[in-house]
Amino acid sequence: MTEVWSRRAFLSTAGGGALLLATPAGRAAAQAVGDVHDGMRAVWRGLVLGGDLPTGAEPFRSRLAALGEMAGGWVAAMAPAAGSLWPDQVFSTDPEMLMQSYYRLRTMAEAYVRPGTGTTGSGALLSALLTGLDHLHARAYHAGQAPYGNWYCWQIGAPQALLDLCVLLYDQLSPTQLTQSCAAVDHFVPDSVVGSYTGTSTGANRVDLCRVLAVRGVVGKQSAKIALARDALAPVFPYVTSGDGLYRDGSFVQHTWVPYSGTYGAVLLGGLGLLSGVLKGTPWAVVDPGAQVVFDAVEGAWAPFLFNGLAMDCVSGRAISRGLAAADVRQVRQDDHARGHALLAGILLLGEGASAAERARWRALVKGWMARDYYSRPLADESLPLSALARLAEVEGDPAVPAAAEPVGHRLFGAMDRATHRRPDWAASLAMASRRIAHYETGNGENLRGWHTGSGMLCWWGATYGNGQYADAFWPTVDPYRLPGTTVSRKVLADGAGGDWGASRPDAVWVGGCTDAEFASVGQHLRGLSSTLTARKSWFFLADTIVCLGAGIRAADGAVVESVIDNRNLGAAGTHALTVGGALQPTTPGWSAAFSSPGWAHLAGFGGYVMSGAGGFKALREQRTGRWSDINRGGSTAALSRRYLTLWYDHGTDPTAGSYVHQVLPGATAAQTAARAAAPGWLTVLANSEVAQGVTVPSLGFTGVNLWQAGTAGPVEAGGPCSVTVRERSDGTATVRVSDPSRTQTALTVVWHRPVAEVLTRSAGVVSAVPGAVLRLGFADLTRAAGAAQEVVVRLG
């Protein structure tokens, strides 16, 4: 029997983001212990195990039995050899296999100490555990051994699992085994790893390293190690302005160039929760006031990317390619819902150290997300550890905790080129790329074909539909050149094109926009990955629609260029009806057709599309087959087939001035879509060129303009590149918001050609605001605003 976890999946669930604090009784017992280190060890054991589980209730009864069966299988398969502990995990040349071997031992130790596994206290299991521990120490993980391969395995993966094992089996291990284990950790994770906040010792990695040092100090009873771990957390807390960490706008970046709220961010969140829990009430408690930054980030950085229990893929980096590991006989998926569930459990864990008000809000949010996750019930998630399930079950069953509704609003994360839009019945995310943020991340043979995820990928989900859109084998089966919302050259790219670890950053600076927290104007100066493609793309996020504009689309690659309106995953056998202009289209896979514009289309079960730009659009039904191993070298080789319905614009080979205009209407009926198409006055396109893109919707009082250079679009005129969002309200006031996504303007003038009687308020960055027949605004140096918007509130004339 075999089980393979991805490194981050294991750490963010089994020990770095989804473990429970010790029960109150357990903590009281720990505090009664004379030696503070023994007390902390008892608390850590409680963190790992999650206290007493209802062993006779589901899902715990079945999961405990499966844990015992798995451990028994590993006992039977264990065959110590010179370079391996199990035949399928040869570590002599691959430290990943050494790390996986320690993961197995740790899981076996959990089966040994947990009641209800059928192997609780088993002599055979304990014997195998001791044999395995001694074998890995003698053959690979010991003081004096030179590390090889991936640093992560030696400094985070293996030592975390080893130290957890030492805590779980502390009373069964000899003093020599404990001493040798501590010496091995000291060798591979010396104090110097946290000596400077650089390289692989930042953000989530720094929290992981601090966890190793802290538990090493607990197991070896060395207070200095614990103090060092606490003190080394300090650089994690402050907001950053570049590189790894949390930004004031809620962005979280890891590997310098990659948005990572969904995976590394979860590790950071859960790791801090664990460390706060084990240090609480000791001489080394975390009292740094900067820790509030992380508490604030729960609602500011993580919640915006959670919807119905899933974590949006646009902030999960290369983890989107980890759907199913090659040797995972249990067929446990790692998808957006599993990543979301780990975040939910991590939020609950961190909440134990938060204020009473924060804890109550977070528990209500988690309960709401759990209740709405109809596609992948959290308590049925086999990727979560038992302790996380217990925490989630406790919140779900607590009648005193209300289920909070999904928040409504728009969030723009300028520091990581991401945006989320939340409406009462749907949510969307947008992924872009710039000099600051990579098109995608590949590395360690993962996410080999995620090339175009930063080319304007627009994802959306309904409150009661489409929640499996990207979870249901989307990434291994979708055409990687036709990701929804993107504009791409179909120039053939090699696996991993652009380079590892976020090297694929385009030479573009105008990426971002501005929002009033409800609606938004967002734009991207697109430069294609490993191609000559350039384009200007804008999105205007409104009440029931996303208005999408493209202009200046050109390339000289000798390849076709396309802009994808949408590409919907219909599942293994979906025949969702497509209606175009009132005519029902065939449902047979392989069908395709071209349609003139303006026009409209509706896809049953999803929503509608209104195309109003020049030229036509195309549609295709196809069945696509792929394998996780196609996009992740450690992935399953099993073939998977899914059906897709794709709508796109074909700009031709080497276009010189391609463009498009369309609306995406999530959840709209065919009648609603037809009505929007028949109401041309609802939306006016003010401009769609390489100078400016903009729209106005009078019924919403909305005007949004993205100026790529000095120019004019409708009533908005600017002396340089900027993004402008105007909201006029029924009370006779209006709010004008202006940002500089390019971060290049040391001074800027914006004129709104609208009579204004009075300026009511203005941001500090607005150095002049002159009302009259027009509103004339002057802005100070906007480079220091990091893309954030400046605001002026006026009374209309």
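Each remark here, short or long, concerns the structure printed above.
Just so it is clear, the structure is predicted and the values come from calculations on it, not from any experiment.

### Observations regarding the nonpolar core
Stage number 1. Grouped together as the largest cluster of nonpolar side chains are 124 residues, with contacts concentrated most on Tyr102, Leu105, Met108, Leu129, Tyr141, Val189 and Leu268.
Stage number 2. When residues of this core are assigned to their parent elements, the largest contribution, twelve residues, is made by helix H7 (residues 151-168).
Stage number 3. Apart from residues lying up to four places away in sequence, Tyr141 is in contact with Leu98, Tyr102, Leu136, Trp154, Ala158, Pro159, Leu162, Ala184, Val185, Phe188 and Val189.
Stage number 4. Formed by 40 residues, the second largest nonpolar core is a distinct cluster that contains Tyr465, Ala555, Val561 and Phe617.

### Some points on the side chain of Arg727
Stage number 1. With respect to the helices and strands, Arg727 occurs in strand S29 (residues 722-728).
Stage number 2. Assessed through its relative accessible area of 6%, Arg727 is described here as buried.
Stage number 3. A polar atom in the side chain of Arg727 sits 3.3 Å from the side chain of Glu518.
Stage number 4. Once you skip the residues sitting within four places of it in the chain, Arg727 turns out to touch Asp516, Glu518, Phe519, Leu700, Gly701, Phe702, Thr733, Ala734 and Thr735.

### A look at the packing of aromatic side chains
In this description, a pair of aromatic rings is defined by centroid distance and the angle of the planes.
Stage number 1. For the coordinates displayed, the defined rule picks out 20 aromatic pairs.
Stage number 2. Among the aromatic residues, those joined into a cluster by ring pairs are Tyr102, Tyr141, Tyr148, Trp154 and Phe188.
Stage number 3. Positioned above the aromatic ring of Trp460 is the side chain of Arg568, whose terminal nitrogen or guanidinium carbon lies 3.8 Å from the ring centre.
Stage number 4. Across from the ring centre of Trp682, 3.6 Å away, lies the NZ or CZ of Arg676, which sits over that ring.

### Focus on the layout of surface pockets
Stage number 1. Approximately 690 Å³ is the volume attributed to the largest pocket.
Stage number 2. Forming the walls of the largest pocket are 34 residues, and the residues nearest its centre are Asp249, Gly414, Ala415, Arg743 and Ala786.
Stage number 3. Those elements that provide at least two residues to the lining of the largest pocket are strand S6 (409-413), strand S11 (511-515), strand S30 (733-739) and strand S35 (790-796).
Stage number 4. For the lining of the largest pocket, the element with the most residues is S11, which contributes five residues.
Stage number 5. For the lining of the largest pocket, the per-class residue count stands at 15 nonpolar, eleven polar and eight charged.

### What about empty space enclosed by the protein?
Stage number 1. By the definition in use, this model includes seven cavities of 30 Å³ or more.
Stage number 2. Its boundaries defined by the atoms lining it, the largest cavity holds a volume of some 180 Å³.
Stage number 3. Taken together, 18 residues line the largest cavity, and the ones lying closest to its centre are Asp313, Cys314, Gly317, Arg418 and Thr453.
Stage number 4. Breaking the lining of the largest cavity down by element, the ones donating at least two residues are strand S3 (258-259) and strand S9 (457-462).
Stage number 5. Among the residues forming the lining of the largest cavity, the class breakdown is eleven nonpolar, four polar and three charged.

### Some points on helix H13 (residues 336-351)
Helical periodicity: at 3.6 residues per turn, an α-helix aligns residues three or four positions apart in one direction.
Stage number 1. For H13, spanning 16 residues, the distance from its first C-alpha to its last is 22 Å, which sits close to the expected 22 Å at 1.5 Å a residue.
Stage number 2. Among the 16 residues that make up H13, 16 are buried, leaving the element largely enclosed by the rest of the structure.
Stage number 3. Here H13 starts with a cap whose side-chain oxygen sits 3.0 Å from the backbone nitrogen of His337, and that cap is Asp335.

### So, helix H8 (residues 175-188)
Stage number 1. The terminal C-alpha atoms of H8, which comprises 14 residues, lie 20 Å apart, in line with the 20 Å expected from a rise of 1.5 Å per residue.
Stage number 2. Listed in full, the buried residues belonging to H8 are Gln177, Leu178, Ser181, Cys182, Ala184, Val185 and Phe188. Projected down its long axis, H8 shows its buried positions confined to an angular sector of 155°, all on one face. Exposed residues on H8 whose side chains face more than 90 degrees from its buried face are Pro175 and Thr179.

### With respect to the sheet that holds S6
Stage number 1. Reading across the sheet, the four strands line up as S6-S7-S8-S9 and stay open at both edges, with antiparallel pairing between neighbours. The open sheet is flanked by S6 and S9, the only strands paired with a single partner. Averaged over all pairs of adjacent strands, the angle between their axes in this sheet comes to 10°, without regard to strand direction.
Stage number 2. As judged from the five bridges shared by S6 and strand S7 (residues 418-423), these two strands associate in the antiparallel manner.

### Brief notes about the environment of Gln254
Stage number 1. Along the polypeptide, Gln254 turns up in strand S2 (residues 252-254).
Stage number 2. Overall, the relative accessible area of 0% leaves Gln254 in the buried class.
Stage number 3. The contact partners of Gln254, leaving out residues within four places of it in the chain, are Thr202, Gly203, Ala204, Asn205, Asp244, Tyr260 and Tyr264.
Stage number 4. Within the local environment of Gln254, its side chain forms a polar contact with the backbone oxygen of Thr202, the two atoms lying 3.2 Å apart.
Stage number 5. Among the polar contacts listed, one links the side chain of Gln254 to the backbone nitrogen of Ala204, at a separation of 3.1 Å.

### As for the sheet that holds strand S12 (residues 520-527)
Stage number 1. Pairing is antiparallel in the open sheet, where nine strands are placed in the order S11-S12-S13-S14-S23-S20-S19-S16-S17. The open sheet has two edge strands, S11 and strand S17 (583-584), and neither has a second partner.
Stage number 2. Its contacts with the sheet place helix H18 (residues 670-677) against strand S19 (599-603), strand S20 (607-611) and strand S23 (658-666), and it is angled at close to 165° to S19.

### Some points on the environment of Val751
Stage number 1. Its place among the elements puts Val751 in strand S31 (residues 748-752).
Stage number 2. The spacing of Val751 and Glu717 is 34 residues in sequence and 5.0 Å in space, taken between C-alpha atoms.
Stage number 3. When sequence neighbours within four positions are dropped, the list of residues in contact with Val751 reads Pro715, Val716, Glu717, Val774, Leu775 and Arg776.

### Some words on the pairing of strand S15 (residues 560-571)
Stage number 1. S15 sits mainly inside the fold: eleven of its twelve residues count as buried.
Stage number 2. Here three bridges tie strand S10 (residues 487-489) to S15, and the two strands are oriented antiparallel to one another. Within S15, the position partnered with Ser489 by the bridge is Val561.
Stage number 3. Where S15 and strand S22 (residues 640-653) come together, ten bridges link them in antiparallel fashion. Opposite Ser563, over in S22, you have Tyr649 as the bridge partner.

### Describing the side chain of Arg436
Stage number 1. Mapped onto the elements of the fold, Arg436 is located in the loop between strand S8 (426-431) and S9.
Stage number 2. In terms of polar contacts, Arg436 uses its side chain to reach the side chain of Asp417, at 3.0 Å.
Stage number 3. A polar contact is formed between the side chain of Arg436 and the backbone oxygen of Val511, at a distance of 3.2 Å.
Stage number 4. Beyond its immediate chain neighbours, meaning those up to four positions away, Arg436 contacts Thr256, Trp257, Gly414, Asp417, Arg505, Val509, Val511, Pro741 and Arg743.

Criteria and thresholds
- Residues numbered from 1 in each chain as written.
- Predicted model: local features only at pLDDT ≥ 70, side-chain atom pairs only at ≥ 80, totals over all residues.
- Heavy atoms only, no water.
- Core = buried A, V, L, I, M, F, W, Y, C linked by side-chain atoms within 4.5 Å.
- Buried < 20%, exposed > 50% of the residue type's maximum accessible area, 1.4 Å probe, protein only.
- Helix = DSSP H or I, 4+ residues; strand = E, 2+ residues; numbered from the N terminus.
- Contact = heavy atoms within 4.5 Å.
- Polar contact = N/O pair within 3.5 Å; in protein donor to acceptor, adjacent residues only side chain to side chain.
- Phe/Tyr/Trp six-rings, centres within 6.5 Å; stacked < 30°, edge-to-face > 60°.
- Lys NZ or Arg CZ within 6 Å of the ring centre and 35° of its normal.
- 1 Å grid on protein atoms, 1.4 Å probe; cavity = no way out; pocket = protein on both sides within 12 Å on 5 of 7 lines; lining within 4 Å.
- Points joined across faces, edges and corners; volume = space filled by probe spheres on them.
- Nonpolar A, V, L, I, M, F, W, Y, C, P; charged D, E, K, R; others polar.
- Expected span 1.5 Å × (residues − 1).
- Arc of directions from axis to C-beta.
- Pairing = 2+ DSSP bridges.
- Axes fitted to C-alpha atoms, helices over the stretch in contact; angles between N-to-C directions.

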